[in-house]
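# Architecture and fold: a report
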Amino acid sequence: MSPSSPAGGFWTRRDFLGVAGGLVVLFSAPPSLRAQAPVTPDWKESIPADRVDSWLALLDDGRVVAAVGKIEAGMGVSTAFVQIVADELRVDMECVVLVMGDTASTVDQRGTGSSNGIVEGGSALRKAAAAAHHHLLGLAAEQLGVGVEALAVNAGVVTTTLRPGVGVTYAQLVKGRKLELALPKGVETKSPEHYRYVGKPVPRIDIPPKVHGSYEYLVDFVLPAMVHARVVRPPQAGATLLGVPPDFSSPGLIEVVTQGNFVAVVCEQEFQAVRAARSLVPRWSTPAPRFPGSYGELYTHLAAGNPGVSESADTVGSVDEGLQASARVLQARYEFPFQSHACMGPGCGVAEVKEDSATVWMGGQKPYSLRRAVAKLLGLKPGRVRVVWMAGPGSYGMNDADDAAMDAAFLSARVRRPVRVQYSREEGTAWDPKGPPLVVTMRGGLSTTGAVTAFDYEARGFSGRLRASSTEEPGDSLLGQMLGGWKAKSTDRFQFSTETYRFPAKRLTSHLLPWDHALPTGLRTAHLRDPDGMATCFASECFVDELAAAAGMDPVQFRIQYLSDQRDRDIVHAAASRAGWESRPSPNPAPGSAATRRGRGIAYAPRNGTTVAIVTEVAVDTTTGRVRVERFVVAHDCGFVINPASLQGTIEANLIQGLSRALHEAVAFTSTAVTSTDWLSYPILDMTEVPQAIDIEIVNNRPDRPSTGAGEPATRPIAASIGNAIYDALGVRVRRIPFTPESILNQLKPTPSA
Amino acid sequence: MTPTITFELNGKPTSVPIESDTPLLYVLRNQLGIKGPRFGCGLGQCGACTVLINGVAARSCSVPAEGAAATQVTTLEGLASRGPRTQALEARHVVQQAFIDEQAAQCGYCLNGWIMTAVALLEADPEADDARIRGALSDLKCRCGAHVSILRAVKRAAVLWRKVRK
Ligand code: FES
Ligand code: FES
């Protein structure tokens, strides 16, 4: 940890082996402990979650080590953990050192995903710290000869009013004794009115080191004798490797590693590997096309192809009868493209594989499952594999981090040296697992008075989890698929919207079409921030707007009238009133000049206990087709907020990334290859497009409300909210993401008369 | 024989042997232990690798190391000594201070590019307004979408900068 960090810190010692038994165990120091370290490490298969000492250790110098099975994805969760521990233990934040996502020293919390960092990691640490606090008070009462109720703790020093001037520190209390303690079932935690850090806008502990360049990212990690690898990908999806030139040479080349369809070069120096990868020309087969030739073909295939599996949810009444009895029936098809994680830094992984053990440093969200996959790949027992998370670029779900780590493990086993794999920009964009495309056909009926009679949502997509949400098996990684012989642990994940409208008849159906032949390609699908959420909400919330417009009703009133959940009604109301929403039907009767038309839209969505509504104000240039978002207003209810400052940053980042996805992002492909390979062919939002105003209204931020997570929920309604604003401005519906200038101009073209 | 280049790195005279055509980024990171500039694309498209060469923002992934010979190179690590600095106890470059004040980061992987480009901008144009700041930063990437806080930070930095310069 850096002694100069203003609050809390990170344990960056790589010889750290955990907080077993309340003692910090170092792998290489001090000598007394080193002597005990076995030559072949046998790391614990699992750290027991029901022990306080699995989560916390007290150091002699007064510092507290907190170990948690979650990782920092860049939203500030590490600061929240330190806030929670400092509060419960009554120590200064500066004293808390954090360890995250190390299979050898942190509890397996199944990694981080679905915005569960605070929900799971925070509550576990809170309980452990509270239990430790009670235990320490007991020790202090004994030592000071007073009752527990006469004790007070401040900054890790226990004092008593009965003996003024006498105090004992935590460090003194545990000295010579292990903090060996089972986690009691019901442990009394600090009462929220006494919180010193929790709920306050505490500055994030990771930001100063990030700003100074001293935060240690995985890409900065160096091992002695480490060598560098680059992977060489086939030019066409599904091509098989026919061979590499046997006499290939390049400066610094250690080995050209091939197996199955996997090709990599390993060199002494990093740029030597870049050069070698560029100049190596393997021979590949020319495979039959694996992809549709265009988005038009893709969407037609999705809309018409045979589903492998289907499921219905939220079925109320008879939709077919309801539609038949309607005075008006509306039908519309919504289309959402493949999107790339396109992380700021392409995948990186470092591995050191020895005869009978392996350590892998990775930047993904789920080190524990990756350990299982690495163990299987290398034929080792899980106890002989250690996976250590280090900060990567923001990952937004299942990005290419696990793939790079698997490659590193494989290559290190082959060359018997520590190997660092760094993907190229092209791999980061063209070869990461993609957010899946979706086609949703919406139908709705209105009565003569404009009341909704029936609502039908029918989604057709590829399984959003053809790749499981974690790397469990070698076959889940691109490596396993390239090597061949490994099966992916694919899971079906149905694609439903989550709104809570009550209509007399309602049906949600999700069909999943097979997409297995895309597995070893850059169009295999996986979780991308708020998996399927933006796409499903785009269809349902835009269609609700279509119904409101057809009924001649204000979109906010329309929603409030039909929403069944009070919190959802409140959130829609909160966003509208903060936005100064003018009650009227869409489209905007006074959209401004012919050249620039203005409009506003709203959309809302619940997600795992959090609910969010977004009002968007747009200006559309009718000559260029450019959509500009001028203002976002967000009402956000994720219950009790641990750190309002981090939350604001997280919401803003969801909005901007979501805006980028809605306006710009669709992975380009031909029938044989992904052609989005860099930032020119996969453009994202730039600084000139950032809205002038973003207003955020935090709702229900009270200690009695559970904290329900904020990493993804604000992403969900963005595309729908923008789409509704575009309709309000132009009076035409754009039902395909992204809202590019071309698609807007297409919609504005006068329809050729029949 | 591998040629050696000599340049001034964050104020210190530095000599390093290079393989010809190796981009400056790799020499800085792997041979000189400079980790502020990061690899994001290697194509000059994202800015993550930005350094200042003779005061001008340059994308070190696209500059052959030979090109840095006999120049002055400043990296993120050298900003505090380059200045202008805040007067606070822990003296930082005003741009870095502004990024901390505005909590301008998500993962932070891109930050080097924004900070270094903002320094180059404000050195050349300390009066930069909203439109000029946005324009000068328009070809940098941040995949996390931290733009809002970054924009606030650069504007705040401009204000701090003018104050310390007075
Ligand atoms: S890494 Fe140099 S511009 Fe992207
Ligand atoms: S903060 Fe993650 S890429 Fe910018």
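Residues numbered from 1 in each chain as written. Chains lettered and ligands numbered in written order. Predicted model: local features only at pLDDT ≥ 70, side-chain atom pairs only at ≥ 80, totals over all residues. Heavy atoms only, no water.

## A look at the overall build of chain B
Defined as follows: Only DSSP runs of H or I covering at least 4 residues are called helices, and only runs of E covering at least 2 are called strands; the numbering of each starts at the N terminus. In this description the radius of gyration comes from C-alpha coordinates, and the expected globular size is given by 2.2 Å times residues to the power 0.38. Buried residues are those whose accessible area, probed at 1.4 Å on protein chains only, stays under 20% of the maximum for their type, while exposed residues exceed 50% and partly exposed ones sit between those limits. Pairs of residues are marked as contacts when any of their non-hydrogen atoms sit within 4.5 Å. What sets the accessible areas is the Shrake-Rupley method with a 1.4 Å probe; for residues, cover comes only from the shown protein chains. Positive charges come from Lys and Arg alone, negative charges from Asp and Glu alone, with His and the N- and C-terminal ends not counted. Just so you know, the charge point we use is NZ for Lys, CZ for Arg, CG for Asp and CD for Glu.
Within chain B one finds six helices and five strands. The globule rule puts the C-alpha radius of gyration for 166 residues at 15 Å, and the 16 Å found for chain B is close to it. Considered along the principal axes of its C-alpha atoms, chain B spans approximately 50 × 30 × 25 Å. Taken across its 166 residues, chain B has 61% of its residues classed as buried. When contacts within chain B are restricted to residue pairs at least 6 apart in sequence, long-range pairs at least 24 apart make up 57% of them. Within the structure as shown, chain B displays about 6,100 Å² of accessible surface, and the carbon and sulfur contribution to it stands at 53%. Across chain B, 19 positive and 14 negative side-chain charges occur, with their mean positions spaced 7 Å apart.

## Considering the overall build of chain A
If you tally the helices and strands in chain A, you get 18 helices and 27 strands. Relative to the globule expectation of 27 Å for 754 residues, the C-alpha radius of gyration of chain A, 28 Å, shows essentially globular dimensions. Seen through its principal axes, chain A has C-alpha atoms that stretch 90 × 80 × 45 Å. When each of the 754 residues of chain A is scored for burial, the buried share is 62%. In chain A, once contacts between residues fewer than 6 apart in sequence are set aside, the share between residues at least 24 apart is 78%. Just so you have it, chain A exposes about 26,100 Å², and 52% of that area is on carbon and sulfur atoms. Between the averaged position of the 75 positive side-chain charges in chain A and that of its 76 negative side-chain charges there is a distance of 2 Å.

## A word on helix α3 (residues 94–101) of chain B
In terms of burial, α3(B) is largely enclosed, as seven of its eight residues are buried. Inspection of α3(B) places B:Val94, B:Val95, B:Gln96, B:Gln97, B:Ala98, B:Phe99 and B:Ile100 among the buried residues, and these make up the whole buried set. Looking at the buried positions of α3(B), the neighbouring elements they touch are α5 (207–212) of chain A together with α2 (79–82), α4 (111–124) and α6 (147–165) of chain B. Where α3(B) terminates, the next one or two residues include B:Gln103, which has phi positive at roughly 50°.

## As for helix α16 (residues 644–663) of chain A
Residue and element names in this part refer to chain A. Note the threshold: To estimate how far a helix should reach, multiply one less than its number of residues by 1.5 Å. Under this definition, polar contacts are N or O atom pairs within 3.5 Å; protein pairs additionally need one hydrogen-donor-capable and one acceptor-capable atom, and for neighbouring residues in sequence, both atoms have to be side-chain atoms.
Across its 20 residues, α16 extends 28 Å between first and last C-alpha, which sits within 8% of the 28 Å expected from 1.5 Å per residue. In terms of burial, α16 is largely enclosed, as 17 of its 20 residues are buried. The opening residue of α16 is Asn 643, an N-cap whose side-chain oxygen sits 3.0 Å from the backbone nitrogen of Ala 645.

## Points about the packing of α16(A) against helix α17 (residues 718–730) of chain A
Helix-helix packing: each pair is described by the crossing angle between the helix axes and the interaxial distance. All names here are of chain A. So the rule is basically this: Note on method: axes are straight lines fitted to C-alpha atoms, helices fitted across the in-contact stretch only, with angles between N-to-C directions ranging 0 to 180 degrees. Roughly parallel means an angle under 35 degrees; roughly antiparallel, over 145; roughly perpendicular, 65 to 115; everything else is oblique. A crossing counts as left-handed when the near helix is turned anticlockwise from the far one by less than a right angle, and as right-handed when that turn is clockwise. Think of it as three bins: nonpolar holds Ala, Val, Leu, Ile, Met, Phe, Trp, Tyr, Cys and Pro, charged holds Asp, Glu, Lys and Arg, and polar takes everything else, Gly as well.
The contact between α16 and α17 brings their axes to 9 Å, and the two run at 60°. Taken together, the axis directions place α16 and α17 in an arrangement best described as oblique. Judged by the sense of rotation from one axis to the other, the crossing of α16 with α17 is right-handed. Along its contact with α16, which presents Asn 654, Leu 655, Gly 658, Leu 659 and Ala 662, the element α17 presents Ile 718, Ala 719 and Ile 722. Grouping the constituent residues of the contact of α16 with α17 by class yields six nonpolar, two polar and no charged.

## Notes on the interface of chain A and chain B
Note on interface size: it is often stated as the accessible area lost on association of the parts. For clarity, the threshold we go by: Using a 1.4 Å probe, buried area is obtained as the accessible area two parts lose upon being combined, added over both of them. What makes a salt bridge here is a side-chain nitrogen of Lys or Arg within 4 Å of a carboxyl oxygen of Asp or Glu, nothing more.
Facing 63 residues of chain A, the contacting portion of chain B comprises 51 residues. Buried area between chain A and chain B, summed over both chains or domains, comes out near 4,600 Å², and the portion from carbon and sulfur atoms is 57%. Linking chain A to chain B there are four salt bridges. Between B:Glu19 and A:Arg275 there is a salt bridge, and its shortest N-O distance comes to 3.3 Å. Between chain A and chain B we count 30 residue pairs in polar contact (both at pLDDT 80 or more) in total. At the level of secondary structure, the elements contributing two or more residues to the side of chain A that touches chain B comprise α5, α6 (270–279) and α16 of chain A.

## Points about the pattern of salt bridges
Residue and element names in this part refer to chain A. Tallied over the entire structure, the rule returns 55 salt bridges over all chains. A salt bridge links Arg 735 to Glu 546, with the nearest nitrogen and oxygen atoms 2.9 Å apart. With a gap of 189 residues between them, Arg 735 in the loop between α17 and α18 (741–748) and Glu 546 in helix α13 (residues 533–550) connect regions that are remote in the sequence. By relative accessible area, which is 11% here, Glu 546 ends up buried. Via salt bridges that share partners, Asp 554, Glu 582, Arg 584, Arg 600 and Asp 728 belong to a single interconnected network.

## Some thoughts on the domain arrangement of chain B
Residues and elements named next belong to chain B. Heads up, the condition is: An automatic or database domain assignment provides the domain bounds reported here.
Domain annotation for chain B reports domain 1 (4–75) and domain 2 (78–165). A straight line from the C-alpha centre of domain 1 to that of domain 2 covers 21 Å. With 18 residues of domain 1 in contact, the opposing surface of domain 2 contributes 15 residues. Sorting the residues of domain 1 by area buried against domain 2 places Arg 38, Thr 50 and Leu 52 first, and these three jointly supply 32% of that buried surface. Taken together, the links from domain 1 to domain 2 amount to ten residue pairs in polar contact (both at pLDDT 80 or more). Those elements giving two or more residues to the side of domain 1 that touches domain 2 turn out to be β3 (50–53) and β4 (56–59). Take the side of domain 1 that touches domain 2: its biggest share by element is three residues, from β3. Residues of the side of domain 1 that touches domain 2, tallied by class, amount to eight nonpolar, eight polar and two charged.

## Section: the confidence of the model for chain B
Put simply, the rule is: A score between 0 and 100, pLDDT records how confident the predictor is in each residue.
The predicted model of chain B averages 95 in pLDDT, with 98% of residues at 70 or higher. Interface scoring of the predicted complex returns ipTM 0.97; its pTM is 0.94.

## Notes on the sheet that holds strand β9 (residues 167–169) of chain A
Residue and element names in this part refer to chain A. Applicable threshold: Should DSSP find at least two bridges between two strands, the strands are regarded as paired.
Pairing within the open sheet is antiparallel, and its three strands lie in the order β7-β8-β9. A single partner strand is all that each edge strand has here, and the edge strands are β7 (151–154) and β9. The sheet shows a mean angle of 25° between the axes of neighbouring strands, taken without regard to direction. Here four bridges tie β7 to strand β8 (residues 157–160), and the two strands are oriented antiparallel to one another. Counterpart to Leu 151 in the pairing with β8 is Thr 160.

## Details of the nonpolar core
Put simply, the rule reads: Here, the term nonpolar core denotes a set of buried Ala, Val, Leu, Ile, Met, Phe, Trp, Tyr and Cys residues that are joined through side-chain atoms within 4.5 Å.
Core analysis: the biggest nonpolar cluster contains 251 residues, and A:Leu56, A:Leu89, A:Leu411, A:Ile722, A:Phe739, B:Val95 and B:Phe99 have the highest contact counts within it. Other than its neighbours up to four places away in sequence, A:Leu89 contacts A:Leu56, A:Val64, A:Ala129, A:Ala132, A:His133, A:Leu136, A:Val153 and A:Tyr170.

## Regarding the sheet that holds strand β16 (residues 328–336) of chain A
Residue and element names in this part refer to chain A. If you walk across this open sheet you meet the five strands as β15-β23-β22-β21-β16, and the pairing is mixed. The open sheet has two edge strands, β15 (309–316) and β16, and neither has a second partner. Across the sheet, the mean angle separating the axes of adjacent strands is 10° when strand polarity is ignored. Of the strand pairs in this sheet, β16 and strand β21 (residues 438–446) are connected by nine bridges, and their pairing is antiparallel. Each bridged residue has a counterpart across the sheet, and for Arg 328 the counterpart in β21 is Leu 446. Helix-sheet contacts for α13 involve β16, β21 and β22 (452–462), and the interaxial angle to β16 is about 150°.

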